[in-house]
Amino acid sequence: MNYIEPHGHMVSRTTADYEQMALAGCVAISEPAFWAGFDRDSVRGFYDYFRQLTEYEPARAKKFGIQHFCWICINPKEGDAPGFAREVIEIIPDFLQKPNVLGVGEIGLNKNTKNELIILEEQIDLAVKHNQLILVHTPHLEDKRKGTRIIMDALLSRGDVDPGRVLIDHVEEHTVAEVLDKGFWAGMTLYPETKCTSQRAADIIEMYGTERLWMNSACDWGISDPLAVPKARMELKRRGHSEAVIKTLTYDNPHTFLSQSPNFTLPA
Amino acid sequence: MKYDVSCPLSYGEIVDHYFLEHRAKLIDIAAFLDRLERASDGTPAHEDFRVTALRDALALLSDGQGERAKRVLAHLSDDREALSETAAGTKGALGAAPESSK
């Protein structure tokens, strides 16, 4: 069964990982712009990273029959320095015109600071101005619940953001209901230690249903697994969930959300 | 939102599938708490807030109420309303809220 990896940081992965994902049925990957594990100290560093996302990774994925899409932004960790972040934001509009770009992301908060919030709001504004989808990063661990609420307020208080065009990622048991209740899409990130395990993701699906939910591996430079989505499918199958439910979560739902961008097209 | 869909597995199947894995995780927690008592510099007068949060969270597992995962996550969340200006020097998360947040 084919699946879509809707949040994978492939710049951190080897080419062998692309091969393994293709063998497991992955037909498309969407890759949000994120923190590289260290703070970049020049706009040029971001320019080169955005080129990697829009030029190099699509070519690398194509060798394995995988279509590569991406999102452009300055991430919340580096967004904590507003002056520098604004210089990066200035170069983003040109990249939003690239054929594999789906929207602005992953924007959000990290430590729930005033500086992060300022840059989040400015990037929401950028997305609205350019009619782009939004992919949201929610904070880690103890900061998640409060940060998720602040982000949703920032999005909804404007009055011009359609929550159906926003995916709020890294939800867990204490945030998923509020996100879905407000009309947003929600992503569950499958991580071995933080965020959500395959078993807990299956629990959440059983409790909250399949509407506006997807699963992703994130598979970044940290301890993560590029095959987390197919492993979660195995967990669902093991529990007796139908092929239709599994397809809804791992292909149809990401396809539906991402198809709101005209750049997201998959062969029939 | 409510619990709309139950787990397709029977009670016995859930136990058979998952018991050993979670037995191991429980023993890992016990061993972690034991390890703290064997620390090379002894146990501090004031326990680390993360360990205190973990001990308190354990009580939620056996209070007879549901939604344990959600309540444990809420217990470990930082509820302070004020926002700091910057994250300089504090970019990482710790996994539990400082005691001042409760």
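Use the structure listed above.
**Student:** Sorry if this is basic, but what is going on with the overall build of chain A here?
**Tutor:** Helix and strand content of chain A: 9 helices and 8 strands. Relative to the compact-globule value of 18 Å for 268 residues, chain A shows a C-alpha radius of gyration of 17 Å, a close match. Principal-axis analysis of the C-alpha atoms gives chain A an extent of 50 × 40 × 35 Å. Looking at chain A as a whole, 54% of its 268 residues are labelled buried. Partitioning the intrachain contacts of chain A with sequence separation of at least 6 by distance along the chain shows that 73% fall at a separation of at least 24.

**Student:** I keep staring at the packing of helix α2 (residues 49-60) of chain B against helix α3 (residues 68-75) of chain B and nothing clicks. Help me out?
**Tutor:** The relative placement of two packed helices comes down to the angle between their axes together with the axis-to-axis distance. Residues and elements named next belong to chain B. Relative orientation of the contacting elements α2 and α3 amounts to 155°, with a least axis distance of 10 Å. Here α2 lies roughly antiparallel to α3, going by the angle between them. α2 and α3 meet at a crossing whose hand is right-handed. Between α2, through A53, D56, A57 and L60, and α3, the contact on the second element is made entirely by R68, R71, V72 and H75. Across the contact of α2 with α3, the residue classes tally to 4 nonpolar, 1 polar and 3 charged.

**Student:** Explain the interface of chain A and chain B to me, please; I cannot follow it from the model alone.
**Tutor:** Where interface size is given, it is often the accessible area lost as the parts come together that is meant. Contact residues are listed per partner, giving 31 residues for chain A and 28 residues for chain B. Looking at the side of chain A that touches chain B, the elements with two or more residues in it are α4 (114-129), α5 (144-156), α6 (176-181) and α7 (198-208) of chain A. Classifying every residue of the side of chain A that touches chain B by side-chain character gives 6 nonpolar, 9 polar and 16 charged.

**Student:** What exactly am I supposed to notice about the nonpolar core here?
**Tutor:** Nonpolar side chains in soluble globular proteins generally cluster together in the buried interior. Residues and elements named next belong to chain A. One finds W71, I72, I134, I168, A186 and A201 to be the most contacted residues of the largest nonpolar core, which totals 77 residues. No other element matches α7, which puts 6 residues into this core. Apart from the residues within four sequence positions on either side, A201 is in contact with M188, L190, C196, M215 and A232.

**Student:** Quick question: what am I supposed to make of α4 of chain A here?
**Tutor:** What sets the pattern is the α-helix's 3.6 residues per turn: residues three or four places apart point alike. Residue and element names in this part refer to chain A. Its 16 residues give α4 an end-to-end C-alpha distance of 23 Å, which sits within 8% of 22 Å, the value for a rise of 1.5 Å per residue. Among the residues making up α4, those that are buried are N115, E116, L117, I119, L120, Q123, I124 and A127. Buried-residue contacts for α4 involve α3 (82-96), β4 (101-108), β5 (133-137) and α5. A positive backbone phi angle near 55° is found at N131, which sits one or two residues after α4.

**Student:** How should I be thinking about the environment of R51 of chain A in this particular structure?
**Tutor:** Residue and element names in this part refer to chain A. By the element assignment, R51 lies in helix α2 (residues 43-62). Note on R51: 13 C-beta atoms within 10 Å, which makes it partly exposed. A C-alpha to C-alpha distance of 8.3 Å links R51 and F95, two positions 44 residues apart in sequence.

**Student:** Sorry, what's going on with the pairing of strand β8 (residues 213-216) of chain A here?
**Tutor:** Put simply, side chains in a regular strand alternate between the two faces of the sheet. Residues and elements named next belong to chain A. Side chains L213 and M215 of β8 all project onto a buried face; the interleaved residues W214 and N216 project onto the opposite face, where all are buried too. Pairing analysis gives 4 bridges linking strand β7 (residues 185-189) to β8, with the strands arranged parallel. Bridge assignment links M188 to a residue of β8, and that residue is M215. As for the winding sense of the linkage, the β-α-β connection from β7 through α7 to β8 is right-handed.

**Student:** In this structure, what is going on with unusual backbone geometry? I would like to understand it.
**Tutor:** Of all residues except glycine, most have a negative phi; of all peptide bonds, most are trans. Residues and elements named next belong to chain A. Residues G105 and E106 are joined by a peptide bond in cis, for which omega reads -5°. Looking at the secondary structure, you find E106 in strand β4. Its identity is not glycine, yet K195 carries a phi of approximately 60°, on the positive side. Among the secondary structure elements, K195 is positioned in the loop between β7 and α7. Even without being a glycine, A218 presents a positive backbone phi close to 65°. Structurally, the position occupied by A218 is in the loop between β8 and α8 (228-239).

**Student:** Would you take a moment to explain the sheet that holds strand β1 (residues 3-5) of chain A for this structure?
**Tutor:** Paired through backbone hydrogen bonds, the strands of a sheet run either parallel or antiparallel to each other. Residues and elements named next belong to chain A. Ordered by their spatial adjacency, 8 strands build an open sheet running β1-β2-β3-β4-β5-β6-β7-β8, and the pairing between neighbours is parallel. Sheet topology places β1 and β8 at the edges, where each strand pairs with a single neighbour. When strand polarity is set aside, the average angle formed by the axes of neighbouring strands in this sheet is 25°. Relative to strand β2 (residues 26-31), β1 runs parallel, the two sharing 3 bridges.

Definitions and limits used
- Residues numbered from 1 in each chain as written.
- Chains lettered and ligands numbered in written order.
- Predicted model: local features only at pLDDT ≥ 70, side-chain atom pairs only at ≥ 80, totals over all residues.
- Helix = DSSP H or I, 4+ residues; strand = E, 2+ residues; numbered from the N terminus.
- Rg over C-alpha atoms; globule rule 2.2 N^0.38 Å.
- Buried ≥ 20, exposed ≤ 12 C-beta atoms within 10 Å, placed from the backbone.
- Contact = placed C-beta atoms within 7 Å.
- Axes fitted to C-alpha atoms, helices over the stretch in contact; angles between N-to-C directions.
- Parallel < 35°, antiparallel > 145°, perpendicular 65-115°, else oblique.
- Left-handed = near helix turned anticlockwise from the far one by under 90°.
- Nonpolar A, V, L, I, M, F, W, Y, C, P; charged D, E, K, R; others polar.
- Core = buried A, V, L, I, M, F, W, Y, C linked by C-beta atoms within 7 Å.
- Expected span 1.5 Å × (residues − 1).
- Pairing = 2+ DSSP bridges.
- Right-handed = clockwise from strand over helix to strand, strands pointing away.

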